[in-house]
Amino acid sequence: MVKILVTGGLGFIGSHTVVELQNEGYEVVIIDDLSNSSEKVLDGIAAITGKTPIFEKLDLKEKVGVKAFFAKHVDIKGVIHFAASKAVGESVKEPLLYYENNICTLVYILKELKKLPEASFIFSSSCTVYGQADELPITENAPVKQAESPYGNTKQIGEEIIKDTCKVVSGLKAIALRYFNPIGAHESSKIGELPTGVPQNLVPFITQTAIGLRHELSVFGDDYPTPDGTCVRDYIHVVDLAKAHVVALGRLLKGNNKSNYETFNLGTGKGSSVLEVVQSFERVSGKKLNYKIVDRREGDVISAYADTNKANNDLGWKTQFSLDEAMLSAWNWEKKVRS
Ligand code: WQD
């Protein structure tokens, strides 16, 4: 079996990707420092696939530990790198925590991959790199703009580091996947999003409000130049997103890549406003959501949704789930977690 390392594999997108990798027949090794996840996620993965992935608790900032890991797992053929801090607001308050955790760890992993005869590397990037794009939908050729946060900057810098490394390390091939807004959960409700503390993201805040954990949803502004005044995003089901990682990895392992460094936008290609997401939730749950309109949130872009042509045509991947299906899966997960 082809062995793949998934860093951050016990996280929200990581765990869903591990499930799809195992379904595809890969042997998966997970590294996670458990700073934003729990070892119990392993049970959820095993309950779905029947296989418990190898798990090593490791802080990737420990350079010596990273070297020792790769010395032990010399047969790793590919890495999908999710492990990173990802709270936009926190990154503004703690920039050095973000630069150390998101950049140094990437460098340490790439230095180990450099020693292998060949390696395929999938990088978890974000549409945040585009900032407020001038043209919509957003293609991969849209200019990367001055990041709005240290978090976004670490994604931009990370892409540059990988691009420069692939130029000089002949056996290294990489794909950066720029996610739009991942939401939802696996249909089994055995894995899903487990935000720590008060959710920063819209959908977990909606489901926690509906289940009674939060009093009401604050909608951050309804005076934007959009059809209903609220911001527009491209909400992609996390299982669709996970499957894209397996397709991208296969592209590199089979040598179908067109260059040693490629980027793909991963979204549905459809924009949905905050209020449309709320209406979708109310439709699928049959519950009225308690929300109020408040002031805008600093740093929010008005509208972002993907041009999916490159991923559809070059990766041969497209999303299968609708917004309603994603919202229902998020609600089912919330009810399961709180049961
Ligand atoms: C979506 C919309 C908010 C919460 C961020 C990161 C991105 C990625 C996904 C990591 C916005 C509105 C939200 C709330 C609201 N993260 N909202 N009330 O900001 O598009 O993207 O998370 O990879 O990199 O930038 O996602 O879910 O925070 O917000 O009105 O309580 O929902 O204003 O318009 P965002 P989000």
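Rules used throughout
Residues numbered from 1 in each chain as written. Predicted model: local features only at pLDDT ≥ 70, side-chain atom pairs only at ≥ 80, totals over all residues. Heavy atoms only, no water. UniProt positions renumbered as here; feature names shortened; annotations may be inferred. Helix = DSSP H or I, 4+ residues; strand = E, 2+ residues; numbered from the N terminus. Core = buried A, V, L, I, M, F, W, Y, C linked by side-chain atoms within 4.5 Å. Buried < 20%, exposed > 50% of the residue type's maximum accessible area, 1.4 Å probe, protein only. Domains from an automatic or database assignment. Contact = heavy atoms within 4.5 Å. Pairing = 2+ DSSP bridges. Axes fitted to C-alpha atoms, helices over the stretch in contact; angles between N-to-C directions. 1 Å grid on protein atoms, 1.4 Å probe; cavity = no way out; pocket = protein on both sides within 12 Å on 5 of 7 lines; lining within 4 Å. Points joined across faces, edges and corners; volume = space filled by probe spheres on them. Nonpolar A, V, L, I, M, F, W, Y, C, P; charged D, E, K, R; others polar. Buried area = accessible area lost by both parts, 1.4 Å probe. Salt bridge = Lys/Arg side-chain N within 4 Å of Asp/Glu carboxyl O. Polar contact = N/O pair within 3.5 Å; in protein donor to acceptor, adjacent residues only side chain to side chain. Parallel < 35°, antiparallel > 145°, perpendicular 65-115°, else oblique. Left-handed = near helix turned anticlockwise from the far one by under 90°. pLDDT = per-residue confidence, 0-100. Arc of directions from axis to C-beta.

Quick look at the UniProt feature "domain: NAD(P)-binding" (unreviewed entry) in the chain
The UniProt record marks residues 5-326 with the feature "domain: NAD(P)-binding" (unreviewed entry), using the residue numbering of this structure. Counting secondary structure, residues 5-326 comes out at 38% helix and 18% strand; the distance between its end C-alpha atoms is 27 Å.

Things to note about the nonpolar core
Most often, soluble globular proteins have nonpolar side chains that are buried together. Judged by nonpolar contacts, the single largest core of 36 residues is most densely connected at L21, I30, I45, I122, L177 and L266. Secondary structure elements with two or more residues in this core: β1 (3-7), α1 (12-23), β2 (27-32), α2 (41-49), β6 (172-179), α8 (238-253), β11 (261-266) and α10 (309-315). When residues of this core are sorted by domain, at least three fall in each of domain 1 (3-183 + 235-266) and domain 2 (202-233 + 269-334). Excluding residues within four positions of it along the chain, I122 makes contact with V79, I80, H81, I175, L177, H245, A248, L249 and L252. Grouped together as the second largest cluster of nonpolar side chains are 26 residues, L5, L60, I109 and F123 included.

Concerning the sheet that holds β11
Taken in spatial order, the seven strands make up an open sheet running β3-β2-β1-β4-β5-β6-β11, and their pairing is parallel. Whereas interior strands pair on both sides, the edge strands pair on one side only; in this sheet they are β3 (54-57) and β11. With strand direction ignored, the average angle separating the axes of adjacent strands in the sheet is 20°. Bridge analysis of β6 against β11 gives six bridges, and the strand direction is parallel. Residue pairing across strands places A174 opposite Y261, the latter belonging to β11. Across the face of the sheet, helix α5 (residues 95-113) comes into contact with β1, β4 (76-81), β5 (119-126) and β6 while running at roughly 165° to β5. In this fold helix α6 (residues 150-168) packs onto β5, β6 and β11, with an angle of close to 155° to the strand it touches most, β5.

A word on empty space enclosed by the protein
Any space left empty among the atoms is revealed by the rolling of a water-sized probe across them. According to the stated counting rule, one finds one cavity of 30 Å³ or more in the structure shown. For the largest cavity, the calculated volume is near 40 Å³. If you trace the largest cavity, you find it lined by H81, A83, A84, N102, F123, T154 and K155. Here the lining of the largest cavity is built from residues that sort into three nonpolar, three polar and one charged.

Comments concerning the side chain of T207
On the secondary structure map, T207 appears in helix α7 (residues 202-210). Not counting chain neighbours up to four residues away, the residues in contact with T207 comprise F281, A330, W331 and E334.

A short note on the domain arrangement of the chain
Where the parts come together, the accessible area they lose is often given as the size of the interface. By the assigned domains, the chain splits into domain 1 (3-183 + 235-266) and domain 2 (202-233 + 269-334). Look at where the C-alpha atoms of domain 1 and domain 2 centre, and you get two points 24 Å apart. Summing both partners gives a buried area of about 2,500 Å² for domain 1 against domain 2, and 67% of it is carried by carbon and sulfur. At the junction of domain 1 and domain 2, the tally comes to one salt bridge. A salt bridge links K258 to D314; its shortest N-O distance comes to 3.1 Å. Taken together, the connections running from domain 1 to domain 2 amount to eleven residue pairs in polar contact (both at pLDDT 80 or more). If you list the elements that add at least two residues to the side of domain 1 that touches domain 2, you get β7 (181-183), β10 (235-237), α8 and β11. Ranked by residue count, the leading element in the side of domain 1 that touches domain 2 is α8, at seven residues.

Re the environment of N309
One can find N309 in helix α10. Judged by relative accessible area, which is 44%, N309 ranks as partly exposed. Sequence spacing of N309 and E216 is 93 residues, and the spatial spacing of their C-alpha atoms is 38 Å.

Section: the packing of α1 against α8
Orientation of α1 relative to α8, taken along the N-to-C sense of each, is 60°, at an axis distance of 8 Å. The angle between α1 and α8 falls in the class oblique. In this structure, α1 meets α8 at a crossing whose hand is right-handed. Contacts between α1 and α8 involve F12, I13, H16, T17, E20 and L21 from the first element and V238, V239, L241, A242, K243, H245, V246 and L249 from the second. Class assignment of the residues belonging to the contact of α1 with α8 gives a composition of nine nonpolar, three polar and two charged.

Thoughts on the confidence of the model for the chain
Close inspection of predicted coordinates is inappropriate in any region flagged by low pLDDT. Put simply, the chain has an average pLDDT of 97, and 100% of its residues get 70 or more. Put simply, helix α4 (residues 88-93) is where the chain has its lowest mean pLDDT, 92, and β10 is where it has its highest, 99. Predicted as a complex, the structure gets a pTM of 0.98 and an ipTM equal to 0.97.

Some words on α2
Turning to α2, its buried residues number three or more, namely V41, L42, G44, I45, A46 and T49. Positive phi appears at G50, one or two residues downstream of α2, with a value of about 80°.

What about helix α3 (residues 63-72)?
Along α3, the positions that sit buried rather than exposed are G65, V66, F69 and F70. Projected down its long axis, α3 shows its buried positions confined to an angular sector of 130°, all on one face. Exposed positions of α3 whose direction lies more than 90 degrees from the buried face are V64, A71 and K72. Contacts made by the buried residues of α3 are with β1, β2, β3, β4 and α5.

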